[in-house]
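# Close look at the chain arrangement
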2 protein chains.
Amino acid sequence: MAKDNEIISLKNVIEDNLPSISIDIAIFGFHENHLRILLLKNKDKESWTLPGGFIGKEESLEEAANRLLFSRTGLNNIFLQQFHAFGDPERTRINKRAELLKEQYAKDQYAQEFIEWVLGRFITIGFYALVEFTEVEPKHDIFTIECRWHDVQDLPLLVSDHQSIIETALKTLRQQLNYQPIGLSLLPHEFTMPELQRLYETLLGKTLDRRNFQRKMLSYKILERLPTKRKGGAYKAPYLYRFDKESYEEALQNGLKDLW
Amino acid sequence: MAKDNEIISLKNVIEDNLPSISIDIAIFGFHENHLRILLLKNKDKESWTLPGGFIGKEESLEEAANRLLFSRTGLNNIFLQQFHAFGDPERTRINKRAELLKEQYAKDQYAQEFIEWVLGRFITIGFYALVEFTEVEPKHDIFTIECRWHDVQDLPLLVSDHQSIIETALKTLRQQLNYQPIGLSLLPHEFTMPELQRLYETLLGKTLDRRNFQRKMLSYKILERLPTKRKGGAYKAPYLYRFDKESYEEALQNGLKDLW
DNA sequence: TATTATTGTGTCAATGTAACACATATTTGT
DNA sequence: ACAAATATGTGTTACATTGACACAATAATA
């Protein structure tokens, strides 16, 4: 690995970014009826980290978040929203973050300045993003060795307070189900009614009546039924639908009343 | 005024607080059927500022926000919640904030260091607080000359991006009406049904049917009707109610379904 | 070709909502 | 002191929405 280049990068990190503030992003995808989140594997090969980074000195929060989202997924123009600022003074001192970093750069004396900088107190702005699972090409960053999806029901060991950030993100996601285009962002362009229902059931953590669900979804007039059906699945072929993006966003202005 | 002490304070501000991050608080009260917000008058005697400040190096965001809220209102244990981080690089460079500060401290050469520090880029975490109007004793800080209530419908000239912070706070307040104890926090301990209705009408910006409003509010079982009535008002004396705090918070767990 | 699992559509009772009427209490005006 | 005025307390009704369920249609499966 190009260690020299990395150290140059580390020096730039300090010079180019705001101190004391970072961004972490909970990137959610939906696949095989499971809600997944994109995580980075640390160099200790044990613990994992949320995608994140720092804010350029002339960059807005949203610009920084979009840049970081792109560099992990290769995607642009994605649903991305900040949901909470995490500012406990102890937050970066827990779950062996310091030990991890020191070990990681033990051999590089030139990295000491960076270590000191990054081990100081940071307040992080939590964002959450909703992506179409199949479109993501996970890419890790220079601090990590792997980037892959994890079932939110079965999270690995996470550094710092990232576990708690994910929990807050999930809570926000559920709360905003009726106020943000969550179905539109997480599902592929075309999908079946049962697939949409599974998404809602997964997010809400409960089963819904198939017929009442369909009646309500259709009543919002945000779905367009296509003439095609999805064959090759299990038994009777379901119709395909897609969101009418305009009607969807319009309907969300007032919120979809009471989708369970 | 004790200018010497002030400069010592200014030096401490830099030493004691995190750089690049601040807190601003939209403190709302409800009085005479109007939603009000507490603002500070700048030394230019023209522009106004949101209550706010910086975060101590070992202080959490919530601790800092509570400390700042207390120092403007004299109140503790108040509903206080962060709602958004404002991070546009230009946000503190607009509405003559720099000119204002430089003018303000033009005569104090010792304040130059502080000016430089505070004119750098800041990301601010926006909080909103809900207080019982009559309990507040507004107190200004060392940067300002007055602290008083303003009708949110009739805001004065605000520095920086504070106008936009207030607008976002109001939007959040309306969205959270069914999910946070907003009535409980803004109204006095005992109140009448019409008073509660006015609060909702003001926040929602529309009139509600008196009889349907009462039926719905009572259906939540979060109100306790007192045997006393409020005499001396206009015509027939209305009953007094108070919130059953326990039931209220419990009901908010799932949200009050659809209060208009 | 019959079976089976899944989807499409419909029904009905129970519940919740919007719109409205009338009686009652207290202040107001004379 | 008394009638008028005005706001509050309570109730009714038509209508819309919801939850629970039944049955027919379709395509894979055996």
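Structure's up top.
Residues numbered from 1 in each chain as written. Chains lettered and ligands numbered in written order. Predicted model: local features only at pLDDT ≥ 70, side-chain atom pairs only at ≥ 80, totals over all residues. Heavy atoms only, no water.

### Looking at the sheet that holds strand β8 (residues 191–192) of chain B
Residue and element names in this part refer to chain B. Spatially, the three strands line up as an open sheet ordered β8-β10-β9, and their pairing is antiparallel. The open sheet has two free edges, formed respectively by β8 and β9 (223–229), since each of these has just one partner strand. Of the pairings in the sheet, the one linking β9 to strand β10 (residues 239–243) comprises four bridges and is antiparallel in character. Paired with Lys229 across the two strands is Tyr239, which belongs to β10. (Pairing = 2+ DSSP bridges. Helix = DSSP H or I, 4+ residues; strand = E, 2+ residues; numbered from the N terminus.)

### Topic: the sheet that holds strand β8 (residues 191–192) of chain A
If you trace the three strands from one edge of the open sheet to the other, you get β8-β10-β9 (chain A), paired in antiparallel fashion. Edge positions in the sheet fall to β8 and β9 (223–229) of chain A, since each has one partner strand and no second.

### Thoughts on the packing of aromatic side chains
This structure, assessed with the given rule, holds 24 aromatic pairs over all chains. With centroids separated by 5.5 Å and ring planes inclined at 55°, the aromatic side chains of Phe79(B) and Tyr128(B) adopt a geometry described as tilted. Placement of the pair is Phe79(B) in strand β5 (residues 79–86) and Tyr128(B) in strand β6 (residues 123–130), with a sequence separation of 49 residues. Since its relative accessible area comes to 15%, Phe79(B) is described here as buried. When the ring centre of Phe70(A) is taken as reference, the NZ or CZ atom of Lys139(A) above it lies at 5.9 Å. Here Lys229(A) stacks its cationic end above the ring of Tyr239(A), 4.5 Å away from the centre of that ring. (Phe/Tyr/Trp six-rings, centres within 6.5 Å; stacked < 30°, edge-to-face > 60°. Buried < 20%, exposed > 50% of the residue type's maximum accessible area, 1.4 Å probe, protein only. Lys NZ or Arg CZ within 6 Å of the ring centre and 35° of its normal.)

### A look at the environment of Pro19(A)
Within the secondary structure layout, Pro19(A) lies in strand β1 (residues 17–31). Since its relative accessible area comes to 27%, Pro19(A) is described here as partly exposed. Considering only alpha carbons, one finds Pro19(A) and Leu223(A), 204 residues apart in sequence, at a separation of 46 Å. Setting aside residues up to four positions removed in sequence, Pro19(A) forms contacts with Trp117(A), Phe122(A), Pro19(B) and Ser20(B). (Contact = heavy atoms within 4.5 Å.)

### What about the protein's contact with DNA strand C?
Around DNA strand C sit 23 residues, and of these Pro194(A), Arg210(A), Arg211(A), Tyr239(A) and Arg211(B) come closest. Considering the 4 Å shell around the protein, atoms of DNA strand C inside it are sugar or phosphate in 49% of instances. Between Arg215(B) and DNA strand C, the recorded distance is 3.3 Å, taken from a side-chain N or O atom to a base nitrogen. At 3.1 Å from a base oxygen of DNA strand C is found a side-chain nitrogen or oxygen belonging to Lys236(B). The set of elements that each furnish at least two residues to the surface near DNA strand C consists of α8 (210–219) of chain A together with α8 (210–219) of chain B. With five residues, α8(B) is the largest single contributor of residues to the surface near DNA strand C. Counted by class, the surface near DNA strand C contains eight nonpolar, three polar and twelve charged residues. (Near = heavy atom within 4 Å. Polar contact = N/O pair within 3.5 Å; in protein donor to acceptor, adjacent residues only side chain to side chain. Nonpolar A, V, L, I, M, F, W, Y, C, P; charged D, E, K, R; others polar.)

### Notes on the packing of helix α3 (residues 97–104) of chain A against helix α4 (residues 112–119) of chain A
Residue and element names in this part refer to chain A. One can describe the packing of α3 onto α4 by two numbers: an axis separation of 10 Å at closest approach and a directional angle of 170°. As judged from the angle between their axes, α3 and α4 are roughly antiparallel. Between α3 and α4 lies a crossing whose hand is right-handed. Counted together, Arg97, Ala98, Leu101 and Lys102 of α3 and Ile115, Val118 and Leu119 of α4 form the full contact between these two elements. Looking at side-chain class alone, the contact of α3 with α4 contains five nonpolar, no polar and two charged residues. (Axes fitted to C-alpha atoms, helices over the stretch in contact; angles between N-to-C directions. Parallel < 35°, antiparallel > 145°, perpendicular 65-115°, else oblique. Left-handed = near helix turned anticlockwise from the far one by under 90°.)

### Topic: the protein's contact with DNA strand D
Every one of the 20 residues lining DNA strand D counts as a neighbour, but Arg211(A), Pro194(B), Arg210(B), Arg211(B) and Tyr239(B) are closest to it. Backbone sugar and phosphate groups make up 46% of those atoms of DNA strand D lying within 4 Å of the protein. Note that a phosphate oxygen of DNA strand D is positioned 2.9 Å from one of the backbone N or O atoms of Tyr239(B). Per-element accounting of the surface near DNA strand D gives the leading share, four residues, to α8(A). When the residues that make up the surface near DNA strand D are grouped by side-chain class, the tally is eight nonpolar, three polar and nine charged.

### So, the interface of chain A and chain B
Counting from both sides, the interface comprises 27 residues of chain A and, opposite them, 27 residues of chain B. Across the interface of chain A and chain B, roughly 1900 Å² is buried in total on both sides, 57% from carbon and sulfur atoms. Remark: the boundary between chain A and chain B carries two salt bridges. Measuring nitrogen to oxygen at the nearest pair gives 3.4 Å for the salt bridge that ties Glu58(A) to Arg93(B). Counting only elements with at least two residues in the side of chain A that touches chain B, the list comes to β1, β4 (52–56), α2 (61–73), β5 (79–86) and β6 (123–130) of chain A. Considered class by class, the residues forming the side of chain A that touches chain B number eleven nonpolar, six polar and ten charged. (Buried area = accessible area lost by both parts, 1.4 Å probe. Salt bridge = Lys/Arg side-chain N within 4 Å of Asp/Glu carboxyl O.)

### Some thoughts on the relation of the copies chain A and chain B
Superposing chain A onto chain B takes a rotation of 180° plus a shift of 0.0 Å along the axis, which leaves an RMSD of 0.0 Å. Here the transformation between the copies is reduced to the relation of a two-fold axis. When the interface residues of chain A are mapped onto chain B, 100% of them are again interface residues, pointing to one common binding face. (Least-squares fit on C-alpha atoms with pLDDT ≥ 70 in both.)

### Comments concerning helix α7 (residues 193–204) of chain A
Residues and elements named next belong to chain A. Given a rise of 1.5 Å per residue, twelve residues ought to cover 16 Å, and the 16 Å separating the end C-alpha atoms of α7 matches this to within 8%. When we look at burial in α7, the residues that qualify are Met193, Leu196, Gln197, Leu199, Tyr200, Glu201 and Leu203. Phi for Gly205, located one or two positions after α7, is positive at around 70°. (Expected span 1.5 Å × (residues − 1).)

### Quick look at the pattern of salt bridges
One pass over the full model with this rule turns up 27 salt bridges over all chains. A salt bridge links Lys41(B) to Glu146(B), with the shortest nitrogen-to-oxygen separation between them at 3.7 Å. Linking Lys41(B) in strand β2 (residues 34–42) with Glu146(B) in strand β7 (residues 144–151), this pair joins segments that are 105 residues apart in sequence. Salt-bridge contacts for Arg242(B) lead to Glu224(B); the nearest nitrogen and oxygen are separated by 3.4 Å. Of this pair, Arg242(B) sits in strand β10 while Glu224(B) sits in strand β9; the two residues are 18 residues apart in sequence, bridging distant segments of the chain. For Arg242(B), a relative accessible area of 25% puts it in the partly exposed group. We classify Glu224(B) as partly exposed; its relative accessible area is 36%. Among the ionic contacts, a cluster of salt bridges with common partners joins Asp24(A), Arg91(A) and Asp161(A).

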